[in-house]
Amino acid sequence: MTEHPVLDDLPPGDWHHLPRARVEPAAPRSLGPTARLVLRLIRRRARVPRDHNVFRTLARLRGIFPAHAVFLSQILLKGRLPAAEKELVILRVAWRQGCVYEWSLHSPMATAAGVPEQHKRAAAAESPRFDDPRLGALVAATDEILASGTLSDASWSALCDHCTPDEALELCMLIGHYVMIALTLNTVGVQLDRHPAQEPAG
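Residues numbered from 1 in each chain as written. Predicted model: local features only at pLDDT ≥ 70, side-chain atom pairs only at ≥ 80, totals over all residues. Heavy atoms only, no water.

Things to note about the overall build of the protein
Tallying secondary structure elements over the protein gives 10 helices and zero strands in all. Reading the secondary structure of the protein in the N-to-C direction produces α-α-α-α-α-α-α-α-α-α. In terms of overall dimensions, the protein is globule-like: its C-alpha atoms have a radius of gyration of 17 Å, near the 17 Å expected for 202 residues. Dimensions of the protein, computed from C-alpha atoms along their principal axes, come out at roughly 55 × 40 × 30 Å. (Helix = DSSP H or I, 4+ residues; strand = E, 2+ residues; numbered from the N terminus. Rg over C-alpha atoms; globule rule 2.2 N^0.38 Å.)

And the structure:
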């Protein structure tokens, strides 16, 4: 057993997990009313009793934090791509970037959105296979964008065989956003959230 249950359940991969935070989450008393309101809205939307470490860490960005929260809510909850497809892509980004925190947060979200376990396993496989060609195209495009920073004409055409140009545009934004978050989480060492049952005694 490791120091956190999430670490025991990770699929094989090149994961990054610092033993302690380089940037600590903001103390609630240090935050202004806008940041506190945003955190409260996030808790309500996520139906959790306490703040996720990622959001209290990002709250240190002051005015950037609420603006980012609005963007996050739009790209995650709105748009043309179905929630299950978004969560599958986010898991692929998390695995490719080795971001333990991103995987730990979005794995249950993917399940709640209807992503089956075999697709979650495929999101953490070097050569994934999907019975749905659209999902395969989304993940293949994600991999190429992460590897090369773009899509070739042939790959763009292959992606658009399964989705509209507007969906492909949204996919690019989704990938870029979660790469940004993964790199931030990995670098500043945001620590895994603990549920009440996981809190150490005393």
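So, the confidence of the model for the protein
The share of residues in the protein with pLDDT of 70 or more is 95%, and the mean pLDDT across the chain is 94. Note that pLDDT drops below 50 for residues 196-202; the model gives that stretch seven contacts with residues more than four away or on any other chain. (pLDDT = per-residue confidence, 0-100. Contact = heavy atoms within 4.5 Å.)

Some remarks on unusual backbone geometry
For residues other than glycine, phi is negative in most cases, and the peptide bonds are mostly trans. Look at arginine 47: it is not a glycine, yet its phi comes out positive at around 60°. Here arginine 47 is to be found in the loop between helix H2 (33-46) and helix H3 (53-58). Backbone geometry places arginine 62, a non-glycine residue, at a positive phi of 55°. With respect to the secondary-structure elements, arginine 62 resides in the loop between H3 and helix H4 (64-77). Note on arginine 62: relative accessible area 68%, which makes it exposed. (Buried < 20%, exposed > 50% of the residue type's maximum accessible area, 1.4 Å probe, protein only.)

A closer look at helix H5 (residues 83-97)
With 15 residues, H5 should reach 21 Å at 1.5 Å per residue; the first-to-last C-alpha distance of 21 Å fits that figure. Contacts made by the buried residues of H5 are with H4, helix H6 (100-112), helix H7 (117-122), helix H8 (133-148) and helix H10 (165-188). Downstream of H5 by a residue or two, glycine 98 has a phi angle that is positive, lying close to 65°. (Expected span 1.5 Å × (residues − 1).)

Things to note about the nonpolar core
If you look at soluble globular proteins, the nonpolar side chains tend to sit buried side by side. Core analysis: the largest hydrophobic core is formed by 58 residues, its most contacted members being Val54, Phe65, Tyr101, Trp103, Leu159 and Leu171. Every element with two or more residues in this core is listed here: H2, H3, H4, H5, H6, H8 and H10. With 10 residues, the top contributor of residues to this core is H10. Those residues in contact with leucine 171 that lie beyond four places of it in its chain are Leu81, Val89, Leu138, Ala141, Thr142 and Leu159. (Core = buried A, V, L, I, M, F, W, Y, C linked by side-chain atoms within 4.5 Å.)

Describing the side chain of asparagine 53
Within the element layout of this structure, asparagine 53 appears in helix H3. Exposure remark for asparagine 53: the relative accessible area of 16% places this residue in the buried category. Ignoring sequence-local partners within four residues, the contact set of asparagine 53 consists of Pro25, Tyr101, Val190, Gln191, Leu192 and Asp193.

Things to note about the packing of aromatic side chains
Summed over all chains, the structure comprises one aromatic pair. Here tryptophan 15 and tryptophan 103 contribute two aromatic rings whose centre-to-centre distance is 5.8 Å and whose plane-to-plane angle is 70°, an arrangement assigned as edge-to-face. Of this pair, tryptophan 15 sits in the loop between helix H1 (5-9) and H2 while tryptophan 103 sits in helix H6, placing them 88 residues apart in sequence. You can call tryptophan 103 buried: its relative accessible area is 7%. (Phe/Tyr/Trp six-rings, centres within 6.5 Å; stacked < 30°, edge-to-face > 60°.)

So, a nonpolar patch on the surface
A grouping of Phe71, Leu169 and Met173 is seen on the molecular surface, where their side chains present a nonpolar patch of about 290 Å² in accessible area. The topology assignment puts leucine 169 in helix H10. A residue is classified by how much of its surface remains accessible, and leucine 169, at 52% relative accessible area, is exposed. (Patch = residues over 30% accessible without salt bridge, like charges linked within 9 Å, V, L, I, M, F, W, Y side chains within 5 Å. Areas by Shrake-Rupley, 256 points an atom, 1.4 Å probe, with all protein chains shown as cover. Salt bridge = Lys/Arg side-chain N within 4 Å of Asp/Glu carboxyl O.)

Overview of the pattern of salt bridges
Throughout the structure, instances matching the rule amount to 10 salt bridges. We note a salt bridge from arginine 43 to aspartate 51, for which the minimum N-O separation is 2.6 Å. The exposure class assigned to arginine 43 is partly exposed, which follows from its relative accessible area of 23%. The closest approach of N and O atoms between glutamate 85 and arginine 134, which form a salt bridge, is 2.7 Å. Here the residue glutamate 85 occupies a position in helix H5, and arginine 134 occupies one in helix H8, the gap between them amounting to 49 residues. Across the pair, arginine 134 and glutamate 85 agree in class, each one buried. Counted as one network, the salt bridges with shared partners bring together Arg92, Arg96, Glu126 and Asp143.

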